[in-house]
Amino acid sequence: MPSIVYDIIDLLASLLRFLGLAVFGVGFGWLALDLLKKSTLWQVQVAVFLGLAGVLIAMAVYTAWGALGAVAAGIGVAILIWGLPKKEKKEEKKS
């Protein structure tokens, strides 16, 4: 086969890996935020934070930078979606 076919397959595989790790980051970020919000013990909160930090450190050592960026972006999106406090809607009174 020509080398262009291998280049296209390599590009598609890299894109699929990037998207898959971004989805993994969103899921992992949601799980971490859910555990942080629902736990009342400080030990659980510390364990969740250290687990999240450990995953990012391990990925920085053993994976490509694109994979680490995808997971970090996914975790960041999860924090923006589910981690920020929600604003209460003010009802307007008609008088």
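Everything here concerns the structure above.
Presented here is a report on the structure given in the accompanying data block. The structure displayed is predicted, hence computed values, not measured ones.

1. Quick notes on helix α2 (residues 42-62)
Between the first and last C-alpha of α2 there are 30 Å, a value that for 21 residues agrees with the 30 Å anticipated at 1.5 Å per step. Those residues of α2 lying buried are Val48, Leu52 and Met59. Considered in projection along α2, the buried side chains sweep an arc of 35 degrees and stay on one side of the axis. Facing away from the buried surface of α2 by more than 90 degrees, the exposed residues are Trp42, Leu50, Ile57, Val61 and Tyr62.

2. A closer look at the side chain of serine 39
Inspection of the secondary structure puts serine 39 in the loop between α1 (3-38) and α2. Sequence-distant contacts of serine 39, defined by excluding residues within four places in its chain, comprise Val44 and Gln45.

3. Quick notes on the packing of α1 against α2
Running from N to C, α1 and α2 cross one another at 160 degrees; their axes reach a closest spacing of 9 Å. Judged by the inter-axis angle, α1 sits roughly antiparallel to α2. As α1 packs across α2, the resulting crossing turns out to be left-handed. Across the interface between the two elements, Leu21, Phe28, Ala32, Leu35 and Leu36 of α1 pack against Gln45, Val48, Gly51, Leu52, Val55 and Met59 of α2. The residue inventory of the contact of α1 with α2, partitioned by class, reads 9 nonpolar, 2 polar and no charged.

4. Some details on the packing of aromatic side chains
Evaluated as defined, the whole model comprises 1 aromatic pair. Relative to phenylalanine 28, the ring of phenylalanine 24 has its centre 5.7 Å away and its plane inclined at 20 degrees; by these criteria the two rings are stacked. Placement of both phenylalanine 24 and phenylalanine 28 in helix α1 is noted, with a separation of 4 residues, approximately one turn of the helix. The class of phenylalanine 28 is partly exposed, set by a relative accessible area of 22%.

Criteria and cut-off values
Residues numbered from 1 in each chain as written. Predicted model: local features only at pLDDT ≥ 70, side-chain atom pairs only at ≥ 80, totals over all residues. Heavy atoms only, no water. Helix = DSSP H or I, 4+ residues; strand = E, 2+ residues; numbered from the N terminus. Expected span 1.5 Å × (residues − 1). Buried < 20%, exposed > 50% of the residue type's maximum accessible area, 1.4 Å probe, protein only. Arc of directions from axis to C-beta. Contact = heavy atoms within 4.5 Å. Axes fitted to C-alpha atoms, helices over the stretch in contact; angles between N-to-C directions. Parallel < 35°, antiparallel > 145°, perpendicular 65-115°, else oblique. Left-handed = near helix turned anticlockwise from the far one by under 90°. Nonpolar A, V, L, I, M, F, W, Y, C, P; charged D, E, K, R; others polar. Phe/Tyr/Trp six-rings, centres within 6.5 Å; stacked < 30°, edge-to-face > 60°.

In short, geometric facts, not functional conclusions.
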